[in-house]
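Residues per chain are reported as follows:
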There are 4 protein chains.
Amino acid sequence: MRGCSRDEKGRISFGKWEFFIQALIVGSLIGFAVETLPNLPERWHSILRIFEIATVAIFTVEYFLRILLGRPKLSYIFSFYGIIDLLAIFPFYISTGIDLRSVRAFRLLRLFRLLKLVRYSAAIRRFHLAFSIAKEELALFGAAALIVLYLSALGIYYFERDQQPEAFASVFHSFWWAVTTLTTVGYGDVYPISVGGKAFTFFVLIIGLEIVAVPTGLFASALSKAREQLDKEKNRCDFDS
Amino acid sequence: MRGCSRDEKGRISFGKWEFFIQALIVGSLIGFAVETLPNLPERWHSILRIFEIATVAIFTVEYFLRILLGRPKLSYIFSFYGIIDLLAIFPFYISTGIDLRSVRAFRLLRLFRLLKLVRYSAAIRRFHLAFSIAKEELALFGAAALIVLYLSALGIYYFERDQQPEAFASVFHSFWWAVTTLTTVGYGDVYPISVGGKAFTFFVLIIGLEIVAVPTGLFASALSKAREQLDKEKNRCDFDS
Amino acid sequence: MRGCSRDEKGRISFGKWEFFIQALIVGSLIGFAVETLPNLPERWHSILRIFEIATVAIFTVEYFLRILLGRPKLSYIFSFYGIIDLLAIFPFYISTGIDLRSVRAFRLLRLFRLLKLVRYSAAIRRFHLAFSIAKEELALFGAAALIVLYLSALGIYYFERDQQPEAFASVFHSFWWAVTTLTTVGYGDVYPISVGGKAFTFFVLIIGLEIVAVPTGLFASALSKAREQLDKEKNRCDFDS
Amino acid sequence: MRGCSRDEKGRISFGKWEFFIQALIVGSLIGFAVETLPNLPERWHSILRIFEIATVAIFTVEYFLRILLGRPKLSYIFSFYGIIDLLAIFPFYISTGIDLRSVRAFRLLRLFRLLKLVRYSAAIRRFHLAFSIAKEELALFGAAALIVLYLSALGIYYFERDQQPEAFASVFHSFWWAVTTLTTVGYGDVYPISVGGKAFTFFVLIIGLEIVAVPTGLFASALSKAREQLDKEKNRCDFDS
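Residues numbered from 1 in each chain as written. Chains lettered and ligands numbered in written order. Predicted model: local features only at pLDDT ≥ 70, side-chain atom pairs only at ≥ 80, totals over all residues. Heavy atoms only, no water.

Peer 1: Help me understand the overall build of chain A in this model?
Peer 2: Scanning chain A for helices and strands turns up nine helices and zero strands. Starting at the N terminus and ending at the C terminus, chain A contains elements arranged as α-α-α-α-α-α-α-α-α. Among the 241 residues that make up chain A, the fraction classed as buried is 44%. Total accessible area computed for chain A in this model is approximately 13100 Å², and 68% of it derives from carbon and sulfur atoms. (Helix = DSSP H or I, 4+ residues; strand = E, 2+ residues; numbered from the N terminus. Buried < 20%, exposed > 50% of the residue type's maximum accessible area, 1.4 Å probe, protein only. Areas by Shrake-Rupley, 256 points an atom, 1.4 Å probe, with all protein chains shown as cover.)

Quick look at the structure:
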């Protein structure tokens, strides 16, 4: 069975190399965060730059090795993982060549490296399966949650706009309140002060919380179904081989 | 079986037209929100007005077509969906005729259009079924949650009214604190500052959170039961036909 | 079977009278809250007083009727419900006789009336059963949650006491932070500002949230077990009779 | 069966002594917290000191008794529980001998006493089992949650750093926002104020909450599996004996 053998190959090939690559990616992501620190001494910037070059060098070597070793020659280049691996090194070469360091958004492209984690991550496979299991339901109840958010925003807008014309200037402004309230984050930057607004918030919380919480529950149960399915698949393969 | 055939017809008739109508409703709702934006240029108001007129025109045509095509003639007018469809266009004509634009609450009537989504929404059907499954239990534990909220409000009132006579002026004022605390929103506009009030909050959170969270759990499990029931029904129909 | 027949009698006797009594209790509780409103006009106080007297009069009549009609004569007086019913009217007579209106705590005794709801409430019976099912587990994991809270408070105290000597003056002060943080209420009156304190909060939230959330989950599953048990009991009785 | 008999012995030996030791530990922990109270009268310090000495004395006697009564002589000293029991008294003697009272961190060592609770705690045994059941999954989805937090921090950094250069000074500063937001604590010390930042927060909450909530759900279900497993084990032992 093809699906099984591929699965097994993946398990066999997973070893020290994959772990090393994953560590490099994580290190690269942390380096990316460290670079944003204000008042970072110049020396640190140099170290991070060297680490960045080394990382990209290793990724590039890996990329060309994979092209050469790909069984149907060159097939790797246009495969899903090939594109991901290219995206992980591409931004570095562009930014060095044309020196676009000042272009902010460009540096964000380095985050494509995160996609390289997909290669080795069982979590993402399961998330993917869970998502495809509950796709319709998530869309259905996600829409219901959006309607609840919309109605909450609209309601609070009518109750509060006179007393707080800044914070509740429009339905869109009120939407911010609805989101932070119904997810129970509650920053406290906007909250109703009128009696009507408070009473309305009470009803919104009583009814709305249950509906907004539905997608989370759906996703959780889909995730456990995905595990069962993957376990069954694995067992069948173990049995076959 | 009547229930099944109706179900199937619904599935067959659901197509591009329904999708178009749903898109119109969503567009109409967004337009409603955009209109509330402060400092919106006059041109936008005109565009929204035209979109509004077009939407109502399409809904009106649909309404009269449905009246004409209804199998027992005119039965549609007094059916549940007929009334919803009328409510979706009715407010527009009234407000245009008598020009009640200044009456704020009146414009809210346009929200009846949201009900038109019911027609096509499987989510609402399932919410409805889930609600009827857990009706008694929701009432029971909703009442329990209300009692917890009441007792929390009463308790904090006695602990905090001396130190914060404004925020905890009465049990009703304290109720606002109880709601935002026990739903874990916690805006931070009111919170206990006395030692007694803080200790009381500790116990309220330890005991109360569990009781206030019960209805959400009930609704979630009712929703999954509703799915099983609807799936079973659907399968039976598929088998029959 | 005695348990069943008693159950059935309860169902038969439950009717308009019980509904009326429950409405009176709820009205009484709302009246209690209304009384605390500042600047309440004198007329309202009079109306509430009359309503209070009427309520107690009805409860008193009910109490004596129950004594007279109790099958083993006077047995009702010392029964669980008899004591509850007495507690619901007792405070009123004491406060009128000796005029202890100024004694604040005394008026709280009127809340005993809430216990009268127990008589008619299936929710409380199920809460009781759920609690006895999960008693040991709740104690076990409640203790675990308390230890997590204690360690969180202790840790943040060491991290923050230098920078915020007011808010984190002692482990007890820090406990307030731990409670509002781990229940995710997050008022925002106290929060870490040092880097160490923020990093510590990160770990506390990652690990602690899961442990603090355990009792709520336990209670929820115990509550659904309690329902199954009560349903089974009821079915057996229906079958017997 | 050795596992079973040990289990039973544990049950038999558990009695008043264990309860007394547990009470001492809890008392010791509370004493530790009381000591941190500012403006604590000198007399209280003396009382706490005496209680501390008495507690350590009892623990020391228990420790030496256990060494003497250990069946393979001295085996207790190097056993897991022996080391815990030593850690519970060790810090006291060191600090008295060399008088390191000024060294802050040193006093924290007294918390090792908390580990003594492990001896008697079924909760910790179950936590341990639940953790080993869900170890891989927790690591997997814990990593997924961390990636979500990282991406959220990175995103909000780009949206907010211009308008709030203090609060969102770097990705690490933004991480604090990401943690308090995605756990729904929401202190309100940092929150987005730009339109882009608010829209980003909306999407982060919609998608991120579900992923961050996964580990909690995993741990909860592992905990219930752990109970089943322990119950089965216990039943088998009861059957054997």
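Peer 1: Which parts of the structure should I look at to understand the packing of aromatic side chains?
Peer 2: The description of an aromatic ring pair uses the distance of the two centres, along with the angle that the planes make with each other. Per the counting criterion, the structure on display carries 44 aromatic pairs over all chains. Ring geometry for F168 of chain A versus W177 of chain A: centroids 6.5 Å apart, planes at 65 degrees, classification edge-to-face. Here the two residues F168 of chain A and W177 of chain A agree in accessibility, since each one is buried. Between the aromatic rings of Y63 of chain C and F64 of chain C, the centroid separation amounts to 5.7 Å while the plane-to-plane angle is 70 degrees, which identifies the pairing as edge-to-face. Owing to a relative accessible area of 6%, Y63 of chain C belongs among the buried residues under this scheme. One aromatic cluster in this structure is built from Y63, F64 and Y76 of chain A. (Phe/Tyr/Trp six-rings, centres within 6.5 Å; stacked < 30°, edge-to-face > 60°.)

Peer 1: I keep staring at the pattern of salt bridges and nothing clicks. Help me out?
Peer 2: Applying the stated criterion across every chain yields a total of 16 salt bridges over all chains. Among the salt bridges present, the one from E137 of chain A reaches R227 of chain B, with a minimum N-O distance of 2.9 Å. Residue E137 of chain A is located in helix α7 (residues 122–160), and its partner R227 of chain B is located in helix α10 (residues 214–240); the two belong to separate chains. With a shortest N-O distance of 4.0 Å, D85 of chain D and R66 of chain D are connected by a salt bridge. Linking D85 of chain D in helix α4 (residues 80–98) with R66 of chain D in helix α3 (residues 42–69), this pair joins segments that are 19 residues apart in sequence. On the basis of relative accessible area, D85 of chain D is assigned to the buried category, the value being 1%. Put simply, E62, R66 and D85 of chain A are held in one network by salt bridges that share partners. (Salt bridge = Lys/Arg side-chain N within 4 Å of Asp/Glu carboxyl O.)

Peer 1: What is the right way to look at empty space enclosed by the protein in this model?
Peer 2: Sizing a probe to match a water molecule and rolling it over the atoms shows the empty space that remains. Residue and element names in this part refer to chain B. Summed over the entire model, instances satisfying the criterion amount to eight cavities of 30 Å³ or more. There is about 50 Å³ of room inside the largest cavity. Taken together, S28, L29, F32, E52, R110, L111 and R113 form the lining of the largest cavity. A per-element tally of the lining of the largest cavity places helix α2 (residues 16–35) first, with three residues. In terms of residue class, the lining of the largest cavity is built from three nonpolar, one polar and three charged. (1 Å grid on protein atoms, 1.4 Å probe; cavity = no way out; pocket = protein on both sides within 12 Å on 5 of 7 lines; lining within 4 Å. Points joined across faces, edges and corners; volume = space filled by probe spheres on them. Nonpolar A, V, L, I, M, F, W, Y, C, P; charged D, E, K, R; others polar.)

Peer 1: Whenever I open this one, the interface of chain A and chain D confuses me. Can you help?
Peer 2: When the parts come together, some accessible area is lost, and that loss is often what is quoted as the size of the interface. On the side of chain D, 36 residues touch chain A, which itself brings 33 residues to the contact. For the pair chain A and chain D, the two sides together bury roughly 3100 Å², of which 71% comes from carbon and sulfur. Scanning the region where chain A abuts chain D turns up two salt bridges. Here R126 of chain A and E137 of chain D are joined by a salt bridge, their closest N and O atoms 2.5 Å apart. Elements represented by at least two residues in the side of chain A that touches chain D include exactly α2 (16–35), α5 (104–108), α7, α8 (171–182) and α9 (195–240) of chain A. When the residues that make up the side of chain A that touches chain D are grouped by side-chain class, the tally is 24 nonpolar, five polar and four charged. (Contact = heavy atoms within 4.5 Å. Buried area = accessible area lost by both parts, 1.4 Å probe.)

Peer 1: Looking at this structure, how should I read helix α7 (residues 122–160) of chain C?
Peer 2: Residues lying three or four places apart along an α-helix face the same way, a consequence of the helix completing one turn every 3.6 residues. The end-to-end C-alpha distance of α7 of chain C is 48 Å, clearly below the 57 Å that 39 residues give at a rise of 1.5 Å each. Along its length, α7 of chain C reaches its greatest deviation from straightness, about 65 degrees, at A134 of chain C. (Expected span 1.5 Å × (residues − 1). Bend = angle between axes of the 7 residues up to and from the residue.)

Peer 1: Is there a simple way to explain the side chain of E210 of chain A in this structure?
Peer 2: Along the chain, E210 of chain A turns up in helix α9. With near-sequence residues (within four places) excluded, E210 of chain A lies in contact with P215, T216 and F219 of chain B.

Peer 1: Please explain the environment of I89 of chain A as it appears in this structure.
Peer 2: Residue and element names in this part refer to chain A. In this structure, I89 sits in helix α4 (residues 80–98). On the basis of relative accessible area, I89 is assigned to the buried category, the value being 3%. Remark: the alpha-carbon pair of I89 and I58, spanning 31 residues in sequence, is separated by 9.7 Å. Not counting chain neighbours up to four residues away, the residues in contact with I89 comprise V56, F59, T60 and Y63.

Peer 1: Looking at this model, I keep getting lost on the relation of the copies chain A and chain D. Mind explaining?
Peer 2: Mapping between the two chain copies consists of a rotation about an axis together with a translation along that axis. Mapping chain A onto chain D is achieved by rotating through 90 degrees and translating by 0.0 Å along the same axis, at an RMSD of 0.1 Å. Overall, the copies show the geometry of a four-fold rotation axis. The overlap is low: 12% of the interface residues of chain A also sit at the interface in chain D, so different surfaces are used on the two sides. (Least-squares fit on C-alpha atoms with pLDDT ≥ 70 in both.)

Peer 1: So what exactly am I meant to see when it comes to α3 of chain D here?
Peer 2: With 28 residues, α3 of chain D should cover 40 Å at 1.5 Å per step; its first-to-last C-alpha distance of 41 Å lies within 8% of that length. Where α3 of chain D is concerned, the buried positions are L48, E52, T55, V56, F59, T60, E62, Y63 and I67 of chain D.

Peer 1: What's the story with the side chain of S152 of chain B in this structure? I'm lost.
Peer 2: Its place among the elements puts S152 of chain B in helix α7 (residues 122–160). When its relative accessible area of 3% is taken as the criterion, S152 of chain B is described as buried.

Peer 1: What is the right way to read unusual backbone geometry from this model?
Peer 2: Note: most residues except glycine have negative phi, and most peptide bonds are trans. The phi dihedral of N39 of chain B falls on the positive side, at around 60 degrees, and the residue is not glycine. Residue placement: N39 of chain B occurs in the loop between α2 and α3 (42–69).

Peer 1: Please clarify how the environment of K16 of chain C should be interpreted in this entry.
Peer 2: Summarising the element assignment, K16 of chain C is placed in helix α2 (residues 16–35). Remark: the alpha-carbon pair of K16 of chain C and I156 of chain C, spanning 140 residues in sequence, is separated by 56 Å.

Peer 1: Help me understand a nonpolar patch on the surface in this model?
Peer 2: A surface patch of nonpolar side chains, about 420 Å² in accessible area, is lined by V61, L65, L68 and L69 of chain A. Mapped onto the elements, L69 of chain A comes out in helix α3 (residues 42–69). (Patch = residues over 30% accessible without salt bridge, like charges linked within 9 Å, V, L, I, M, F, W, Y side chains within 5 Å.)

Peer 1: Is there a simple way to think about the packing of α2 of chain A against α3 of chain A in this case?
Peer 2: Helices that pack against each other are described as a pair by the angle of their axes relative to one another and the distance between those axes. All names here are of chain A. Running from amino to carboxyl end, α2 crosses α3 at an angle of 145 degrees, the nearest separation of the two axes being 10 Å. Crossing of α2 against α3: the hand is left-handed. The residues of α3 that touch α2, namely those facing W17, F20, I21, L24, I25, G27, S28, G31, V34 and E35, are W44, H45, L48, F51, E52, T55, I58, F59, E62 and R66. Broken down by class, the residue content of the contact of α2 with α3 amounts to eleven nonpolar, five polar and four charged. (Axes fitted to C-alpha atoms, helices over the stretch in contact; angles between N-to-C directions. Left-handed = near helix turned anticlockwise from the far one by under 90°.)

Peer 1: Explain the packing of α7 of chain C against helix α7 (residues 122–160) of chain D to me, please; I cannot follow it from the model alone.
Peer 2: Closest axis-to-axis distance for the α7 of chain C/α7 of chain D pair is 9 Å, and the angle between their directions is 80 degrees. If you check the angle between α7 of chain C and α7 of chain D, you find them roughly perpendicular. Together, E137, L140, F141 and A144 of chain C of α7 of chain C and A122, A123, R126 and F127 of chain D of α7 of chain D make up the contact between the two elements. Across the contact of α7 of chain C with α7 of chain D, the residue classes tally to six nonpolar, no polar and two charged. (Parallel < 35°, antiparallel > 145°, perpendicular 65-115°, else oblique.)

Peer 1: How should I be thinking about the confidence of the model for chain A in this particular structure?
Peer 2: Regions with low pLDDT carry predicted coordinates that are not meant to be interpreted in detail. The predicted model of chain A averages 81 in pLDDT, with 83% of residues at 70 or higher. For this predicted complex, the interface score ipTM comes out at 0.84, while the overall pTM is 0.86. (pLDDT = per-residue confidence, 0-100.)

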